[in-house]
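Breakdown of the fold
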Amino acid sequence: RIHKELTISLKNKNPNILHYVSLLNAEKAALKQKKNNEDVRKLYNDAIIMSARGGYVHDAALAQERFADYLLNVVGDFHEAKYHIEGAIQRYTNWGAMGIVEHL
């Protein structure tokens, strides 16, 4: 439901939510396309880049954290998951979210 509402808002020229829609697209694809992980990888990378370029450090960190979870638990790629969780930790640290950093 929220994905639909955000997509409508995006179509109504609200650029401040593009990164949210991008992350939700990646999450949706991860749930549906567990076999075709190249598409899912691209969507997560797009979400990370859009969030970071827009200055949404916390959302870029979340996208990177979710991507790491997908890579580890669905794809089984420990090394790339480690890279992305380290990136998420760095972004959370830069944002000052030390509680999340300690949790990760």
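As a reminder, the structure under discussion sits directly above these lines.
Residues numbered from 1 in each chain as written. Predicted model: local features only at pLDDT ≥ 70, side-chain atom pairs only at ≥ 80, totals over all residues. Heavy atoms only, no water.

What follows is about the environment of Leu 31. Considering the arrangement of structural elements, one finds Leu 31 in helix H2 (residues 18–32). With relative accessibility at 67%, the residue Leu 31 sits in the exposed group. Between the C-alpha atoms of Leu 31 and Tyr 70, which are 39 residues apart in sequence, the distance is 9.5 Å. (Helix = DSSP H or I, 4+ residues; strand = E, 2+ residues; numbered from the N terminus. Buried < 20%, exposed > 50% of the residue type's maximum accessible area, 1.4 Å probe, protein only.)

It is worth spelling out H2 at this point. Between the first and last C-alpha of H2 there are 21 Å, a value that for 15 residues agrees with the 21 Å anticipated at 1.5 Å per step. Of the positions making up H2, those classed as buried are His 19, Val 21, Ser 22, Leu 23, Ala 26, Ala 29 and Ala 30. (Expected span 1.5 Å × (residues − 1).)

Among the nonpolar cores identified, the biggest contains 13 residues, and Val 40, Tyr 44, Phe 67 and Tyr 70 are the most heavily contacted of them. Counting only elements with at least two residues in this core, the list comes to H2, helix H3 (37–53) and helix H4 (57–75). In this view, Val 40 contacts Ala 26, Ala 29, Ala 30, Gln 33 and Tyr 70; residues no more than four positions away in its chain are not counted. If you look at the next biggest cluster of nonpolar residues, it comprises five residues, including Ala 88, Tyr 92, Ala 97 and Val 101. (Core = buried A, V, L, I, M, F, W, Y, C linked by side-chain atoms within 4.5 Å. Contact = heavy atoms within 4.5 Å.)

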